[in-house]
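As a plain string of letters, each chain reads:
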Number of protein chains: 2
Amino acid sequence: MLENMTRRGGEPKTVTGELGLIQWIRARARKGGAGPKVGAGVVLGIGDDCALLRVRPGEEIAVTTDLSIEGRHFRMDWHEPEVVGHRTLARGLSDLAAMGARPVAAFVSLGLRREMASGSRDAWVKRFFGGLMKLAAEYDVPLAGGDLAESPVVLADIVLTGAVPRGKAMRRSGARAGDAICVTGELGGAAAGLERLAAGVSSQFAVDSEKARLGGRDLAAALRAHLYPQPRVEQGLRLRGAATAAIDLSDGLSTDLAHVCQESELTAEVDEAALPIAPGATLEQALHGGEDYELLFTVAAGRRIPRMIAGVRVTRIGRMLRRRARRPQVTLKSADGSVRALEARGWEHFR
Amino acid sequence: MLENMTRRGGEPKTVTGELGLIQWIRARARKGGAGPKVGAGVVLGIGDDCALLRVRPGEEIAVTTDLSIEGRHFRMDWHEPEVVGHRTLARGLSDLAAMGARPVAAFVSLGLRREMASGSRDAWVKRFFGGLMKLAAEYDVPLAGGDLAESPVVLADIVLTGAVPRGKAMRRSGARAGDAICVTGELGGAAAGLERLAAGVSSQFAVDSEKARLGGRDLAAALRAHLYPQPRVEQGLRLRGAATAAIDLSDGLSTDLAHVCQESELTAEVDEAALPIAPGATLEQALHGGEDYELLFTVAAGRRIPRMIAGVRVTRIGRMLRRRARRPQVTLKSADGSVRALEARGWEHFR
């Protein structure tokens with residue numbers, strides 16, 4: 001656990017080493033509005049063997065963990081430290097959103113090379129926590145603990161805890177035949193943004209208004225979708241009770257919809273023409289791209305589907321169907337009415 | 001999150017790749033008695049965006065995370081995969097023990113090199129989970145989720161969740177001047193065992209009775225202390241309400257006692273002659289060794305201290321004192337009555 005202690009009776013003179021770094025994080029977590037609030041979720045934050053959390057009577061606790069590893073999930077030459085911090089937390093918050101859980105506390109286990117842990121105000125680790133805590137403050141989720149270790153490869157494991165009324169969490173397994181399939185936001189933007197980064201476009205196009213003007217709105221939007229995804233926490237909370245099943249689009253529509261089919265023991269048909277493809281993205285990126293962190297959810301056939309939820313567009317993209325012999329798990333229906341199997345071609349490790 | 005899904009409508013033919021591996025883990029978690037039990041802690045385990053947990057009314061949730069990284073916390077040539085799995089889980093359970101929390105659920109995020117994720121019954125990853133789940137079954141804690149990723153360095157981040165009655169958790173900050181300082185078990189054994197491993201002694205001496213006979217009881221005991229530490233969960237539960245403060249001895253007595261001093265705003269004096277030094281260990285190893293995963297706790301001055309708690313020896317090793325100018329944070333009192341400062345020389349990253 002992250003611990004704060006100044007040893008041998010005095011305050012540490014430097015902010016180098018594990019202890020100095022932990023003290024800096026603890027102070028930063030407090031200052032940034034992302035520190036523990038006694039009685040309101042986090043009872044005890046950074047500084048002991050465990051953090052202590054409280055939820056309301058009748059609530060269940062949702063827990064998710066996600067590893068981000070240098071070279072696999074981010075690259076030091078493409079992703080600024082703030083971006084790595086933002087994306088690390090966003091992944092965990094998006095899992096809570098998919099269950100309809102309100103965030104309670106975040107924990108991060110961080111592996112760093114020795115030279116990254118010490119020193120100046122613009123040290124990698126400080127910029128990483130800067131990005132993470134900015135998003136944490138926006139979503140009002142305190143950083144309540146974690147771990148630090150020396151590692152030859154940079155890595156961050158994010159743990160999110162949330163709370164949801166007993167029995168009310170949205171699961172992958174709840175969809176029924178005939179349900180409409182819906183998504184929030186737009187698809188493929190994150191993949192399009194990653195493609196531009198890989199092609200050598202500076203991530204500054206996402207945030208520098210002059211560059212954004214030169215590169216065009218589509219480029220700036222795609223880069224932002226990849227670099228600064230917005231987890232749909234508020235949308236998830238509002239969908240609770242209305243959606244029959246939900247999942248977040250982390251691995252790609254084709255893969256994540258297959259998860260819902262598998263757990264709900266159904267098949268699914270997607271209308272190609274209905275897909276809300278992000279500006280600058282291709283159909284392939286919308287189908288398989290991943291990392292959009294939008295929500296995919298199912299709604300009972302007769303139920304009205306709102307056009308917006310908490311400021312974010314909602315689109316009906318298909319329907320859940322019964323399993324049948326020789327029917328593929330997910331099919332794509334083209335504008336001309338032809339139907340083909342949609343292979344799960346999203347992200348999978350060790351493949 | 002660990003997800004279980006067989007895509008494209010059928011059962012997977014192989015157990016390679018992320019999905020096959022997750023399915024194997026999910027089945028193994030169920031079979032081993034460490035699977036989710038509906039209604040009794042884990043409501044929803046491996047297979048969705050989040051796991052769902054329940055605690056009893058009036059309980060707080062304890063959360064701890066601990067990173068273990070190849071080359072830092074374990075070595076492939078010294079530590080069998082079962083040992084890495086055991087030690088990974090033991091670290092987390094020990095943090096719960098220090099708070100007096102009962103384990104509710106474990107999560108593990110695992111980074112593996114590509115070739116380690118697939119294949120035969122004796123694959124590294126299967127033996128890792130074998131060791132982890134054996135201990136999980138002994139402590140009746142279900143594996144409820146986690147993450148898997150490809151990584152150039154092997155790593156495991158363990159997350160433990162536990163439950164403790166509101167306001168009853170033991171904290172580092174609760175010690176008062178005059179309190180007795182106690183420890184469970186013996187100290188320095190893990191460091192002595194590690195020293196033997198580093199000197200080339202086979203870890204088989206810990207478990208092979210013929211080898212143990214040849215190497216002597218002290219060697220076998222020291223190796224076991226390092227390879228298979230037993231977290232003091234039951235002892236922690238029984239200490240709740242009796243101890244004023246507690247911490248687990250993960251970094252070493254000198255360092256961990258300094259943490260209690262820091263958080264309780266006190267100093268401490270240790271009686272050298274009282275230390276329960278493990279057979280085969282040195283005084284230095286008992287003072288600074290770390291990884292014994294015993295509990296250090298403080299007890300009000302007048303209170304009776306049991307000689308054993310749940311089958312484990314308890315030893316009074318010193319006392320908490322007020323802070324005074326020029327008094328070191330922790331002092332060591334020798335048998336001849338002389339007192340010297342005890343420097344915190346336990347484990348610290350990035351030092």
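None of the values given here were measured: they were computed from a predicted structure. (Residues numbered from 1 in each chain as written. Chains lettered and ligands numbered in written order. Predicted model: local features only at pLDDT ≥ 70, side-chain atom pairs only at ≥ 80, totals over all residues.)

Caption draft 1: Focus on the packing of helix H2 (residues 81–99) of chain B against helix H3 (residues 124–138) of chain B. Residue and element names in this part refer to chain B. Contact geometry for H2 and H3: axes closest at 7 Å, N-to-C directions at 45°. Judged by the angle between their axes, H2 and H3 are oblique. As for how H2 packs across H3, the hand of that crossing is right-handed. Together, Pro81, Glu82, Val83, Val84, Gly85, His86, Thr88, Leu89 and Ala90 of H2 and Trp124, Arg127, Phe128, Phe129, Gly130, Gly131, Leu132, Leu135 and Ala136 of H3 make up the contact between the two elements. (Axes fitted to C-alpha atoms, helices over the stretch in contact; angles between N-to-C directions. Helix = DSSP H or I, 4+ residues; strand = E, 2+ residues; numbered from the N terminus. Parallel < 35°, antiparallel > 145°, perpendicular 65-115°, else oblique. Left-handed = near helix turned anticlockwise from the far one by under 90°. Contact = placed C-beta atoms within 7 Å.)

Caption draft 2: Region of interest: the interface of chain B and chain A. With 72 residues of chain B at the interface, the matching set in chain A holds 73 residues. Residues belonging to the side of chain B that touches chain A are distributed by class as follows: 33 nonpolar, 18 polar and 21 charged. One ladder, built from three bridges, connects strand E2 (residues 51–53) of chain A with strand E3 (residues 59–69) of chain B; its direction is antiparallel. Residue pairing in the sheet places Leu53(A) in a bridge with Ile61(B) of E3(B). (Nonpolar A, V, L, I, M, F, W, Y, C, P; charged D, E, K, R; others polar. Pairing = 2+ DSSP bridges.)

Caption draft 3: Spotlight on the sheet that holds strand E1 (residues 42–44) of chain A. One open sheet accounts for six strands, arranged E1(A)-E2(A)-E3(B)-E6(B)-E4(B)-E5(B); its pairing is mixed. Two strands lie at the open edges of the sheet, namely E1 of chain A together with strand E5 (143–150) of chain B, each paired on one side alone. Geometrically, the sheet is characterised by an average inter-axis angle of 25° between neighbouring strands, direction not taken into account. The strands touched by H2(B) are E3, strand E4 (102–112) and strand E6 (155–165) of chain B; relative to E6(B), the strand with the most contacts, the crossing angle is about 25°.

Caption draft 4: How the structure looks around the domain arrangement of chain A. Residue and element names in this part refer to chain A. Partitioning chain A into domains gives domain 1 (17–165) and domain 2 (172–341). Measuring from the centre of the C-alpha atoms in domain 1 to the corresponding centre in domain 2 gives 26 Å. Tallying the contact residues gives 17 residues for domain 1 and 19 residues for domain 2. Contributing elements (two or more residues each) for the side of domain 1 that touches domain 2: helix H2 (81–99) and strand E4 (102–112). Here the side of domain 1 that touches domain 2 gets 11 residues from one element, more than from any other, and that element is H2. Taken together, the residues that form the side of domain 1 that touches domain 2 break down as nine nonpolar, three polar and five charged. (Domains from an automatic or database assignment.)

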